[in-house]
Amino acid sequence: MLNNLEELLRSDGFTLRRETARELSGSCPWCGGRDRFRVFLDGDREQFWCRQCNRSGDAITYLRDRRGLTFQEAARLAGLEPGNPALMPRPQTAPVWTPRPATIPPAAWKVQAARVLEAAERRLWSRPGREVLDWLRQERGLKDHTIKTARLGFMPLALYLDRENWGLPAETKEDGRPRKLWIPRGLLIPFLAGDEIHRLRIRRMVVDDGPRYVLVSGSSTRPMTLGTGPMFSIVESELDGFLLWQEAGDLTGVVALGSASIRPDAETAERLKAASIILVALDADQAGIKEAWDWWPRHFPNSRRLPLPKGFGKDPSEAWKRGLNLRDWIKAGLTLHGLPVDNLPVLGKPAIGQPANGITR
């Protein structure tokens, strides 16, 4: 079949990791980049793209470029004959996008995640977490009240836990042994909706192999929303979101996608559609720029790209470290698009102890 790109890569010895329900990551077959290669599971035609060397295509492209097959040979191996309508280029019309309801982890998962988070929070503020805490302050610009309100934590050791205890279906490895739920060592970034935990994401501080960010199995992939609007700013990472909310949360709500390719769930989409303006401040790399210029304007006409000034890095955290006043940056973006900041409503910020990093209701 034409949608066997994942199988082709694995048969050639490449390991793929699941980032989201429709996105896999791994090392690039061409440039060798460890976590820049992506496989997108999109309907009947899987696509690949390397964010480092910019190779892209489908199973036919892979077979021709990687294995050296002719077009006819690649088409037949992929399960299609040359001339098959499925090989014809797709119409260049904007795809229909319908936001989906957010997934919610099982009740058992939320109970177990709460226990892990409580322990991780204590460790972050104890001696084992001192280095990570200093990194959050010095490298990411986060103040202590922001760190506490965001409920960030520290995992000093990796955990391998029974999936069934978390309400998840059992899985087996290729050797027949049960697959464990993996929570690696590193900074724990939770997502809360109200007082319920819906996601655990780990930022690995030391990466020998594999991805920098790990989404704990069973977690929701919905974007994180801070504040209620009526203006919103879109960023990629949750840590960037916390920083922007800390510096300018009274001017703009913040939506942290987790990745440039993540789409808003139905509830978040409704909030964004009702916003007076959406400032799209995705990372200044190829993926972020493409989404900011293409996908967001097509689906949210009230969105406007907000690039960082030249020389200030690729994301808000890098810009803050290089001396950019993020509050002035947001003000400039709002003013540029006809919103006088002197008349903006004061949104306020959650106090310590209130649910901060889920949708404020």
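## Some words on the pairing of strand β1 (residues 16-20)
Two strands pair when backbone bridges link them, and β1 and strand β2 (residues 23-26) are joined in this way by 4 bridges, in the antiparallel orientation. Along β2, the bridge assignment pairs leucine 16 with glycine 26. Between β1 and β2, which pair antiparallel and follow one another directly, the connecting turn spans 2 residues.

## Section: the environment of arginine 298
Residue position: arginine 298 is located in helix α10 (residues 295-299). Classification of arginine 298 by relative accessible area gives partly exposed; the value is 37%. At 2.7 Å, the side chain of arginine 298 and the side chain of aspartate 294 are in polar contact.

## Some details on the confidence of the model for the protein chain
Overall, the prediction assigns the protein chain a mean pLDDT of 85, with 87% of residues at 70 or greater. Looking at the elements of the protein chain, mean pLDDT is at its lowest for helix α3 (residues 71-77), recorded as 80, and at its highest for strand β6 (residues 153-155), recorded as 98. Here residues 86-94 is a poorly scored stretch, pLDDT under 50, and it has 15 contacts once near neighbours within four places are set aside; other chains count. pLDDT under 50 marks residues 345-361. Its contacts with residues more than four places away, or in other chains, come to 54 contacts.

## Points about the environment of alanine 59
For alanine 59, the position within the fold is in helix α2 (residues 59-67). Residue alanine 59 is classed as buried on the basis of its relative accessible area, which comes to 0%. Along the sequence, alanine 59 and leucine 77 sit 18 residues apart, while their C-alpha atoms lie 9.4 Å from each other.

## Digging into unusual backbone geometry
Residue arginine 151 is not a glycine yet carries a positive backbone phi of 60 degrees. Among the secondary structure elements, arginine 151 is positioned in the loop between α6 (144-150) and β6.

## Structural notes on the pattern of salt bridges
In the structure shown here, the tally under the stated rule is 25 salt bridges. Here glutamate 171 and arginine 163 are joined by a salt bridge, their closest N and O atoms 3.3 Å apart. By relative accessible area, glutamate 171 is classed as partly exposed at 34%. Judged by its relative accessible area of 6%, arginine 163 is buried. Here aspartate 265 ties to arginine 222 by a salt bridge, and the two come within 3.3 Å at their closest N and O atoms. Taken together, the residues span a long stretch of sequence, with aspartate 265 in the loop between β14 (253-256) and α8 (266-273) and arginine 222 in the loop between β11 (213-215) and β12 (224-226) at a distance of 43 residues. Comparing aspartate 265 with arginine 222 shows no difference in burial state: the two are buried. One continuous salt-bridge network, built from bridges that share partners, spans Asp134, Arg137 and Asp144.

## Concerning the side chain of threonine 149
Residue position: threonine 149 is located in helix α6. Under the relative-accessibility criterion, threonine 149 is labelled buried at 3%. Polar contacts involving the side chain of threonine 149 include one to the main-chain carbonyl oxygen of histidine 145, which spans 2.6 Å.

## Quick look at the sheet that holds β6
The sheet built from 4 strands is open, its strands ordered β6-β9-β10-β11 with antiparallel pairing. Each of the sheet's edge strands pairs with one partner strand only, and the pair in question is β6 and β11. Here the average twist between neighbouring strands, direction ignored, is 35 degrees. Across the sheet, helix α4 (residues 107-124) is in contact with β6, β9 (186-193) and β10 (196-203); its angle to β10 comes to roughly 50 degrees.

## A word on the packing of helix α7 (residues 238-248) against helix α12 (residues 326-336)
As a packed pair, α7 and α12 sit with axes 8 Å apart at the nearest point and diverge in direction by 80 degrees. Taken as axis vectors, α7 and α12 run roughly perpendicular relative to one another. Contact residues: α7 offers Leu243, Leu244, Glu247 and Ala248, while α12 offers Leu326, Arg327, Trp329 and Ile330. Here the residues of the contact of α7 with α12 sort into 6 nonpolar, no polar and 2 charged.

## Let's talk about the side chain of aspartate 315
Checked against the element boundaries, aspartate 315 lands in the loop between β16 (303-305) and α11 (316-321). A residue is classified by how much of its surface remains accessible, and aspartate 315, at 8% relative accessible area, is buried. Side-chain polar atoms of aspartate 315 contact the backbone nitrogen of serine 317, separated by 3.1 Å. In contact with aspartate 315, not counting residues within four places along its chain, are Asp240, Asp283 and Leu308.

## Description of the pairing of β10
Of all 8 residues in β10, 7 are buried; the element is thus mostly enclosed. Here β9 folds back onto β10, and the loop between the two strands holds 2 residues, one of which, glycine 194, carries a positive phi near 65 degrees.

## Observations regarding the sheet that holds strand β3 (residues 37-40)
Working definition: the strands of a sheet are paired by backbone hydrogen bonds and lie parallel or antiparallel to each other. Strand order in this open sheet of 5 strands is β1-β2-β3-β4-β5, and the pairing throughout is antiparallel. Each end of this open sheet is capped by a strand with a single partner; those strands are β1 and β5 (56-57). Direction of pairing for β2 relative to β3: antiparallel, over a ladder of 4 bridges. Bridge assignment links glycine 26 to a residue of β3, and that residue is phenylalanine 37.

Conventions we followed
Residues numbered from 1 in each chain as written. Predicted model: local features only at pLDDT ≥ 70, side-chain atom pairs only at ≥ 80, totals over all residues. Heavy atoms only, no water. Pairing = 2+ DSSP bridges. Helix = DSSP H or I, 4+ residues; strand = E, 2+ residues; numbered from the N terminus. Buried < 20%, exposed > 50% of the residue type's maximum accessible area, 1.4 Å probe, protein only. Polar contact = N/O pair within 3.5 Å; in protein donor to acceptor, adjacent residues only side chain to side chain. pLDDT = per-residue confidence, 0-100. Contact = heavy atoms within 4.5 Å. Salt bridge = Lys/Arg side-chain N within 4 Å of Asp/Glu carboxyl O. Axes fitted to C-alpha atoms, helices over the stretch in contact; angles between N-to-C directions. Parallel < 35°, antiparallel > 145°, perpendicular 65-115°, else oblique. Nonpolar A, V, L, I, M, F, W, Y, C, P; charged D, E, K, R; others polar.

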